[in-house]
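As a plain string of letters, each chain reads:
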Amino acid sequence: MVALISQQAQSLEYEVNRIKGEGRGKSANVSIQIQEKGYNQQPFEFLGPKSFIKSAAMVLALLCLMLGVVLGWLLARYKFKKAK
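On a predicted model such as this, the values are computed, not experimentally measured, just so you know.

When its secondary structure is counted, the chain shows 2 helices and 0 strands. In the chain, which comprises 84 residues, the share counted as buried stands at 5%. Of the roughly 8,400 Å² of accessible surface on the chain, a fraction of 63% belongs to carbon and sulfur atoms.

Quick look at a nonpolar patch on the surface now. A surface patch of nonpolar side chains, about 500 Å² in accessible area, is lined by Leu-67, Val-70, Leu-71, Trp-73 and Leu-74. As for its position among the elements, Trp-73 is in helix H2 (residues 52–83). Taking the relative accessible area as the measure of exposure, Trp-73 reaches 51% and is therefore exposed.

Criteria and thresholds
Residues numbered from 1 in each chain as written. Predicted model: local features only at pLDDT ≥ 70, side-chain atom pairs only at ≥ 80, totals over all residues. Heavy atoms only, no water. Helix = DSSP H or I, 4+ residues; strand = E, 2+ residues; numbered from the N terminus. Buried < 20%, exposed > 50% of the residue type's maximum accessible area, 1.4 Å probe, protein only. Areas by Shrake-Rupley, 256 points an atom, 1.4 Å probe, with all protein chains shown as cover. Patch = residues over 30% accessible without salt bridge, like charges linked within 9 Å, V, L, I, M, F, W, Y side chains within 5 Å. Salt bridge = Lys/Arg side-chain N within 4 Å of Asp/Glu carboxyl O.

Geometry only, nothing functional implied.
Here's what the structure looks like:
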C-alpha cells in the first residue's frame, strides 16, 4: 500500500514538473486523501441524486398507508350505521 502511494506521489510530482516545464503554470497544488473502505459513508440526503427514487417511494408508501386508514375508517363507519 505504501509503495503504491509513493509511486502515485512520484507520478504527480512528475506531472507537476512537466507542466511547469511547458510554461502552462507557475504553481500547482497537490493533495492526497486516503480513506479506508467502509468509513466513507455519507449521511442520508433526502433529495440527493441517488436517493430521490427511494425518497419518492417512501412518500408514496406513506400516502397509501394514510389512504388505507381513511378508507378503512369510512368503511367501518358505514357498516356501523347500516347495522343500526
